[in-house]
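Here is how the chains run, residue by residue.
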Amino acid sequence: MLLAYRTALASPRVRAAAIEATEFPQLADSMDVWAVPRVVVNGVPQWDGSVPERVFLDRILAPTFA
Amino acid sequence: MAIFRPDDEARVRGVLDALERPVELLVALGPEETPLAGARDVDFGAETVRVAEQLAALSAAVSCRVEDEPPGFDRYPAIAIRPSGEDAGLRYYGLPWGYELGSLVGGVVEAGKLQPSLSEESRERLGSLELDLAIDVFVTPT
């Protein structure tokens, strides 16, 4: 979660939200949340689990989004 | 009931002492409390306010404000972590509790830094970003 917050603080184009899955079950279901942390970018589920900063950047800046 | 155990509270006070600028916690309660199935009468909005207020009480640099439906929120209850009182796009949706209390504290610590924690290389890569990104991270308190 902290990497997402750090990324948002480093770029005005990025916003980052933690979403407590059990409090928003319908939203979590719609994003196929089975494990946490689950990372969703622009409404599209991407991956589960924590990753290093470089990998995090690789993934959120993948051609799908950039 | 305190949100931190005494030893944890002392540690959190310590990390908040390092804040280089003020951080505001804006709690958005939403239009009305909607009980969740199986929630057993937990008032998530009131609990979220309690967490934010108790966290703010640990540092003069952290403040807390509560509104019903401020702009910029998708769901409720929620907390915006606002460096120098400005919206930087940081949100916590739901009640931050258990393990996830650390995410809220960590967000406050990051927002309180004058320079982003990301590496210079990462910041350069973000500088070439040509569209907006919304990163949602689903978490649970355990």
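Residues numbered from 1 in each chain as written. Chains lettered and ligands numbered in written order. Predicted model: local features only at pLDDT ≥ 70, side-chain atom pairs only at ≥ 80, totals over all residues.

1. Describing the overall build of chain B
Of the regular secondary structure elements, chain B holds 4 helices and 5 strands. When the elements of chain B are put in sequence order from the N terminus, they spell out α-β-α-β-β-β-α-α-β. The C-alpha atoms of chain B give a radius of gyration of 16 Å, which matches the 14 Å a tight globule of 142 residues would have. Residue burial in chain B is summarised as follows: out of 142 residues, 37% are buried. Here the analysis covers contacts within chain B between residues at least 6 apart in sequence; of these, 73% occur between residues at least 24 apart. (Helix = DSSP H or I, 4+ residues; strand = E, 2+ residues; numbered from the N terminus. Rg over C-alpha atoms; globule rule 2.2 N^0.38 Å. Buried ≥ 20, exposed ≤ 12 C-beta atoms within 10 Å, placed from the backbone. Contact = placed C-beta atoms within 7 Å.)

2. Re the overall build of chain A
When helices and strands are counted, chain A shows 3 helices and 3 strands. Secondary structure of chain A in N-to-C order comes out as α-β-α-β-β-α. Across its three principal directions, the C-alpha atoms of chain A cover 30 × 20 × 20 Å. Relative to all contacts within chain A whose residues are 6 or more apart in sequence, the contacts with residues 24 or more apart total 12%.

3. Remarks on the interface of chain A and chain B
Contacts between the two partners involve 38 residues from chain A, matched on the other side by 38 residues from chain B. Sorting the residues of the side of chain A that touches chain B by element identifies helix 1 (2-10), strand 1 (14-20), strand 2 (38-41) and helix 3 (53-60) of chain A as the ones contributing at least two each. When residues in the side of chain A that touches chain B are grouped by element, the largest group, 8 residues, is from helix 1 of chain A. Looking at the side of chain A that touches chain B residue by residue, the class counts come to 27 nonpolar, 4 polar and 7 charged. (Nonpolar A, V, L, I, M, F, W, Y, C, P; charged D, E, K, R; others polar.)

4. Some words on the environment of Ser63(B)
All names here are of chain B. Mapped onto the secondary structure, Ser63 falls in strand 2 (residues 62-67). Placed 56 residues apart in sequence, Ser63 and Ser119 show a C-alpha to C-alpha distance of 28 Å. In this structure, Ser63 is in contact with Pro22, Glu24 and Ala56, ignoring residues within four places of it in sequence.

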